[in-house]
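Residue-level structural notes
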Amino acid sequence: MTSSHTDCHFCLQSLRGRKYALREENAYCVPCYDSLYANPCEECKQPIECNSKDLAYKGRHWHEGCFRCAKCSHSLVEKPFAVKDEVLLCTKCYSDEYSSKCFHCQKTIMPGSRKMEFKGSSWHESCFVCQYCQQPLGTKPLITKDNENYCVPCFEKQFAHHCYACKKVITSGGVTYHDQPWHKECFVCAVCKTQLSRQRFISKDECPYCVDCFSEFYAKKCASCKKPVTGLGGAKYISFEDRQWHRECFNCTKCSISLVGHEFLTQQDDILCHKCGSA
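Residues numbered from 1 in each chain as written. Predicted model: local features only at pLDDT ≥ 70, side-chain atom pairs only at ≥ 80, totals over all residues. Heavy atoms only, no water.

Applicable threshold: UniProt positions are given in the numbering used here, feature names are shortened, and annotations may be inferred rather than shown by experiment.
Going by the annotation in an unreviewed UniProt entry, the name recorded for the protein is Four and a half LIM domains protein 5, with Regulus satrapa given as the source organism. Its UniProt record, at the heading Function (unreviewed entry), says of the protein: "May be involved in the regulation of spermatogenesis. Stimulates CREM transcriptional activity in a phosphorylation-independent manner."

This is the structure:
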């Protein structure tokens, strides 16, 4: 600005015919204004004089010619840019240096664009789709198989097993019995319906039974104590003709001596040691 009517507010010299700058309604000659108020440039450290363009960002100032990418030196004036550790970078240099790569296409996910994150990896929103139907997954439930993502309906259609009992899809876990998949909650004793996925069971006629139900309904009874003889857990038992005994029950009916590994005689329903049987 020029004026012929005011003096410099600081040095009091006439501003007539000279350029001047206004600050808070006070006029200053250019040298006084620059010495008092010019901001130092972040790049060259020189004052940004009043006749130069002052570019400001978050309290810092640059000459127009100094406002450039720290890596490739291209001007950032009126262009998008990013800041890393207080250093200015154009979006390309920032992306090359710091941005995530899309897990699917391996291209840079540009700053400001939406990205999806799943299991520690990043995707472009347009790349985060169901492998089968190619529809965006967004925040929908999904299932991963062989590093590929599927929406739940497509996964069930392509890969899921159906429970042998209820015929519904098994989405995780499950039990295999007679080469057939079952939900854990569907794999139950054929009699009492107790879940069998975490306990011992016995199979008969392709049906699973808990030990108690099998023993009650199907196991043969010890000829001595009348309790079931199952042989489970490696337990040993004695079998003779159509009768069975627990090993510890296979004793002489008269003297109670163990007959395991010894000769014995039978008398009607009794088993006798050789001594008692010969008396």
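With respect to the overall build of the protein
Where we set the bar: Numbering goes from the N terminus for both helices and strands, where a helix is a DSSP run of H or I of at least four residues and a strand is a run of E of at least two. Only C-alpha atoms enter the radius of gyration; for comparison, a globular chain is expected to reach 2.2 Å times N to the power 0.38, where N is the number of residues. Buried means the residue's accessible area, taken with a 1.4 Å probe over protein chains only, is under 20% of the maximum for its type, while exposed means over 50%, and partly exposed covers the values in between. Any two residues whose heavy atoms approach within 4.5 Å are treated as being in contact. Methods summary: accessible areas were calculated by the Shrake-Rupley approach with a probe of 1.4 Å, and residue burial reflects only the protein chains presented. Counting rule for charge: Lys and Arg are taken as positive, Asp and Glu as negative, and neither His nor the chain ends is counted. A single reference atom marks each charge: NZ on Lys, CZ on Arg, CG on Asp, CD on Glu.
Helix and strand content of the protein: five helices and 23 strands. For 279 residues, the compact-globule estimate of 2.2 N^0.38 gives 19 Å, and the C-alpha radius of gyration of the protein, at 45 Å, exceeds that figure by more than 25%. Per-residue burial over the protein gives 32% buried out of 279 residues. Long-range pairs, those at least 24 residues apart, make up 11% of the contacts in the protein with a sequence separation of at least 6. As displayed, the protein has an accessible area near 18900 Å², and 47% of this comes from carbon and sulfur atoms. On the protein, the mean spot of the 37 positive side-chain charges and the mean spot of the 31 negative ones are 4 Å from each other.

Notes on a nonpolar patch on the surface
Applied cut-off: Exposure above 30% relative accessible area and the lack of any salt bridge qualify a residue for a patch; like charges then connect within 9 Å, and the nonpolar side chains Val, Leu, Ile, Met, Phe, Trp and Tyr within 5 Å. By definition, a salt bridge exists where a carboxyl oxygen of Asp or Glu is found within 4 Å of a side-chain nitrogen of Lys or Arg.
On the surface, Val-191, Phe-217 and Tyr-218 cluster together to form a nonpolar patch covering roughly 280 Å² of accessible area. Within the secondary structure, Phe-217 sits in helix α4 (residues 211-217). Residue Phe-217 is classed as partly exposed on the basis of its relative accessible area, which comes to 49%.

Considerations on the UniProt feature "domain: LIM zinc-binding" (unreviewed entry) in the protein
Taken from the UniProt record, the annotation "domain: LIM zinc-binding" (unreviewed entry) applies to residues 39-99, 100-161 and 220-279. Counted over residues 39-99, helix gives 13% and strand 26%. Its end C-alpha atoms are 33 Å apart.

Brief notes about unusual backbone geometry
Notably, Leu-12 is not glycine yet its phi reads approximately 65°, a positive angle. Within the secondary structure, Leu-12 sits in the loop between β1 (2-3) and β2 (18-23).

Points about the confidence of the model for the protein
Under the convention used in this document: Residue-level confidence of the predictor, termed pLDDT, takes values from 0 up to 100.
Looking at the protein, the pLDDT average stands at 84 and 95% of residues meet or exceed 70. The secondary structure element of the protein with the lowest average pLDDT is β1, at 44, and the one with the highest is strand β5 (residues 60-63), at 94.

Notes on the environment of Thr-139
In this structure, Thr-139 sits in the loop between β9 (121-124) and β10 (142-145). Given the relative accessible area of 76%, Thr-139 is considered exposed. When the C-alpha positions of Thr-139 and Phe-155 are compared, they lie 16 Å apart, and in sequence the two are 16 residues distant.

Description of the layout of surface pockets
Over the atoms rolls a probe the size of a water molecule, and in doing so it shows where empty space is left. The condition that has to hold: Here a cavity means grid points, on a 1 Å grid over the protein atoms only, where a 1.4 Å probe fits yet cannot get out; a pocket means an open set of points with protein on both sides within 12 Å along at least five of seven lines; lining residues are those with an atom within 4 Å of a point. Grid points are joined across faces, edges and corners, and a volume is the space filled by probe spheres set on the points. All residues other than Ala, Val, Leu, Ile, Met, Phe, Trp, Tyr, Cys, Pro, Asp, Glu, Lys and Arg, Gly among them, are scored as polar; the first ten of these are nonpolar and the last four charged.
Approximately 180 Å³ is the volume found for the largest pocket. Tyr-164, Tyr-177, Trp-182, Glu-206 and Pro-208 are, among the 13 residues lining the largest pocket, the residues nearest its centre. When contributions to the lining of the largest pocket are tallied by element, the ones reaching two or more residues are β15 (180-182) and β17 (207-210). Grouping the amino acids of the lining of the largest pocket by side-chain chemistry returns nine nonpolar, two polar and two charged. Space inside the second largest pocket adds up to approximately 150 Å³. Lining the second largest pocket, in full, are Glu-42, Glu-43, Arg-60, Trp-62, Cys-66, Arg-68, Cys-69, Ala-70, Ser-73, Glu-86, Val-87 and Leu-88. Elements with a minimum of two residues in the lining of the second largest pocket: β5 and β7 (87-90). Considered class by class, the residues forming the lining of the second largest pocket number six nonpolar, one polar and five charged.

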